[in-house]
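In case you want the letters, here they are:
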Amino acid sequence: MNWQAIDVKRYLQNKEYIDTVILPLVPLSWESDMLATVREGEFALAIASAAERELHGRVLLCPPFAYLKSEAMSERMKRLKMWENECRANGTKFVFFVTSDVDWKRVEEECPGLIWFASAPLEHLEARHQKDVIEENVEIVLKRIRTEWRS
Amino acid sequence: MSNKEHDVTRRQFLNYTLMGVGGFMAAGMLAPMVRFAIDPLLREEKGGKMVDVMAVKDITTEPVRKTFSVDRVDGWHKFKEEKIAYIFKDDNGKIIALSPVCTHLGCTVAWNDDPAHPNQFHCPCHGGRYTKTGINVPGTPPPEPLHVYETKVKNGRLYLGEEKPRGGA
């Protein structure tokens, strides 16, 4: 389900079936690393949206958790935990954070739902190759989510 | 005078001419009306635009996953929608193209990926299952069979159209 009225109507009717939230983590920056930062966010959003398509009936894809690259990790974590707690308080059993920002890799242990993958410069790829790259990475995300569901 | 029989009188000539011109004008007026009247028929033909997916000779009795894209317009926003079909021949040799969108809540089902239930379509979300022909297995969440695509064979190629529900369960 997407964060859209048409999907959320269905979500509210079938809440007992939709126990998973996917939250893309999207960084913002205007410094020298702006282009790379944009790519990381774009890629994470593309992967998250493709994963949502596959798991439409059990997953709610939320609007991205956005943060400034200059924001201290401790601050980000504090805010992210608030989002996560809010999800869990409302009946969500599984919360997954998908991101290409390497910053999060350092705090993986504190963030059990984190799924990290390297970003690719999609704008340089032909449509056909874009599809391949996305499919490959979506598979990582799907595998991880299905494993957690089974356990 | 044998010639006389083939001659046309002035009156006949005028009659023919006026009838010809009159008929032409009437046709000019009627043609657009007829076009309007049968327009729904013509439009339906155009709306059912079908997409070339694969060669008929490559279709076996084992379902294969094929992706294809169709042009969609949502308000002013034009985009390509990716679609998936599982294509195979049934026991009677009839080509079947199933849409793998689970009829429960819309996850994408996969063919034969659950060792506990071989030769079935299986939904990763809530354990919904369907037989090879897409009929939902009773006792699993889906309320109806998988939808089927309209199929058309032309010049040895398989074309797919819209997916349609099948009703019944």
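Residues numbered from 1 in each chain as written. Chains lettered and ligands numbered in written order. Predicted model: local features only at pLDDT ≥ 70, side-chain atom pairs only at ≥ 80, totals over all residues. Heavy atoms only, no water.

### Observations regarding the overall build of chain B
Applied cut-off: Counting from the N terminus, the helices are the DSSP runs of H or I reaching at least four residues and the strands are the DSSP runs of E reaching at least two. Exposure classes here rest on a 1.4 Å probe applied to the protein chains alone. A residue is buried below 20% of its type maximum, exposed above 50%, and partly exposed in between. Residues are treated as being in contact if the distance between any of their heavy atoms lies within 4.5 Å. Exposure was quantified through the Shrake-Rupley algorithm and a 1.4 Å probe, taking into account, for residues, occlusion by the shown protein chains and nothing else.
When you go through chain B residue by residue, the secondary structure sums to three helices and nine strands. For chain B, the sequential pattern of α-helices and β-strands runs α-α-α-β-β-β-β-β-β-β-β-β. By the burial criterion, 33% of the 169 residues in chain B qualify as buried. In chain B, the proportion of contacts linking residues at least 24 apart, taken out of those at least 6 apart, comes to 42%. Accessible surface computed for chain B: about 11,400 Å², of which carbon and sulfur atoms make up 58%.

### Considering the domain arrangement of chain B
For clarity, the cut-off: Boundary definitions for the domains trace back to an automatic or database domain assignment.
Each assigned domain of chain B is listed here: domain 1 (3-40) and domain 2 (49-164). Distance between the C-alpha centres of domain 1 of chain B and domain 2 of chain B: 55 Å.

### As for the nonpolar core
Which entries qualify depends on this criterion: Throughout this description, the term nonpolar core refers to a set of buried Ala, Val, Leu, Ile, Met, Phe, Trp, Tyr and Cys residues connected via side-chain atoms within 4.5 Å.
I22, V141 and I145 of chain A together with F121 of chain B are the most contacted members of the largest nonpolar core, which has 35 residues in total. Elements supplying a minimum of two residues to this core: α2 (34-54), β2 (59-61), β4 (94-99) and α4 (127-150) of chain A together with β3 (77-89) and β4 (95-98) of chain B. Ranked by residues supplied to this core, first place goes to α4 of chain A with six residues. Apart from residues no more than four positions distant in its own chain, I22 of chain A is found in contact with A48, A51, V59, L60, L61, C62, F96, V98 and I145 of chain A. Core analysis: the second largest hydrophobic core is formed by 21 residues, I18, Y67, M73 and C87 of chain A among them.

### So, the side chain of E52 of chain A
As a reminder, the rule being used: Residues scored as charged are limited to Lys and Arg (positive) and Asp and Glu (negative), so that His and the chain ends carry no count. Between Lys or Arg on one side and Asp or Glu on the other, a salt bridge is scored when a side-chain nitrogen of the former is within 4 Å of a carboxyl oxygen of the latter.
One can find E52 of chain A in helix α2. Buried and without a salt bridge, E52 of chain A has R53 of chain A as its closest oppositely charged side chain, separated by 6.7 Å.

### Quick look at the pairing of β4 of chain B
Residues and elements named next belong to chain B. Counted only if it meets this: By this definition, two strands are paired if DSSP reports at least two bridges between them.
What you see with β4 is no split at all: I95 and A97 on one side and I96 and L98 on the other are buried throughout. Inspection of the sheet shows β3 paired to β4 by four bridges, in the antiparallel sense. Counted as the bridge partner of F88 is I96 from β4. Between β3 and the antiparallel strand that follows it, β4, lie five residues; G93 among them carries a positive phi value of about 80°.

### Comments concerning the packing of aromatic side chains
All names here are of chain A. For clarity, the cut-off: Aromatic rings from Phe, Tyr and Trp, with only the six-membered ring used for Trp, were paired whenever their centres fell within 6.5 Å, and each pair was classed as stacked if the ring planes differed by under 30 degrees, edge-to-face if by over 60, and tilted otherwise. We call a charge positioned above a ring when the Lys NZ or Arg CZ atom is no farther than 6 Å from the ring centre and deviates by at most 35 degrees from the ring normal.
Applying the stated criterion across every chain yields a total of nine aromatic pairs over all chains. Ring centres of F43 and F117 lie 5.8 Å apart, and the angle between their planes is 70°; this geometry places the pair in the edge-to-face category. Linking F43 in helix α2 with F117 in the loop between β5 (114-116) and α4, this pair joins segments that are 74 residues apart in sequence. The class of F43 is buried, set by a relative accessible area of 1%. For F117, a relative accessible area of 2% corresponds to the buried category. Their ring planes at 80° and their centres at 5.4 Å tell us that Y67 and W104 sit as a pair that is edge-to-face. Here W104 lies in the loop between β4 and β5 and Y67 lies in strand β3 (residues 65-68), a separation of 37 residues in the sequence. A residue is classified by how much of its surface remains accessible, and W104, at 0% relative accessible area, is buried. Connected via pairs of aromatic rings, a cluster forms that spans F65, Y67, W83 and W104. Looking at R58, its charged tip hangs above the ring of W149, at a distance of 4.0 Å from the centre. Directly above the aromatic system of W104 lies the positively charged group of R76, at a separation of 5.8 Å from the ring centroid.

### A word on α2 of chain A
Note the cut-off: Here, expected helix span is obtained from the residue count minus one, scaled by 1.5 Å.
Along its 21 residues, α2 of chain A runs 31 Å from first to last C-alpha, staying within 8% of the 30 Å computed at 1.5 Å per residue. Those residues of α2 of chain A that sit buried are T37, E40, G41, F43, A44, I47, A48, A51, E52 and E54 of chain A. Residues of α2 of chain A that are buried make contact with β1 (20-28), β2, β4 and α4 of chain A together with β2 (64-74) and β3 of chain B.

### Here's the deal with a negative patch on the surface
Our working rule: Each patch is assembled from residues with relative accessible area greater than 30% and no salt bridge, linking like charges that lie within 9 Å and nonpolar side chains (Val, Leu, Ile, Met, Phe, Trp, Tyr) that lie within 5 Å. Throughout, a charge is located at the NZ atom of Lys, the CZ atom of Arg, the CG atom of Asp or the CD atom of Glu.
Negative charge collects at one region of the surface, where D132, E135, E136 and E139 of chain A lie side by side. Here E136 of chain A shows up in helix α4.

### Here's the deal with the state of the cysteines
All names here are of chain B. What counts is decided by this rule: A pair of sulfur atoms, both from cysteines and within 2.5 Å, is called a disulfide here.
Within this structure, the stated rule accounts for one disulfide over all chains. Through a disulfide, C107 is tied to C125; the S-S separation comes to 2.2 Å. What sets the handedness of the C107 and C125 disulfide is the S-S torsion sign, and at about -100° it is left-handed. Taken together, the residues span a long stretch of sequence, with C107 in the loop between β4 and β5 (110-111) and C125 in the loop between β6 (121-122) and β7 (129-130) at a distance of 18 residues.

### A few points about the pattern of salt bridges
Applying the stated rule across the entire model yields 22 salt bridges over all chains. In this structure, the salt-bridge partner of K164 of chain B is E150 of chain B, at a minimum N-O distance of 3.2 Å. Remark: E150 of chain B occurs in strand β8 (residues 148-154) and K164 of chain B occurs in strand β9 (residues 157-164); sequence separation between them is 14 residues. The partly exposed category is assigned to K164 of chain B, whose relative accessible area is 41%. Looking at E150 of chain B, the relative accessible area reads 32%, which means it is partly exposed. Connected through shared salt-bridge partners, E40, K69, R76, D101, D103 and R106 of chain A make up one network.

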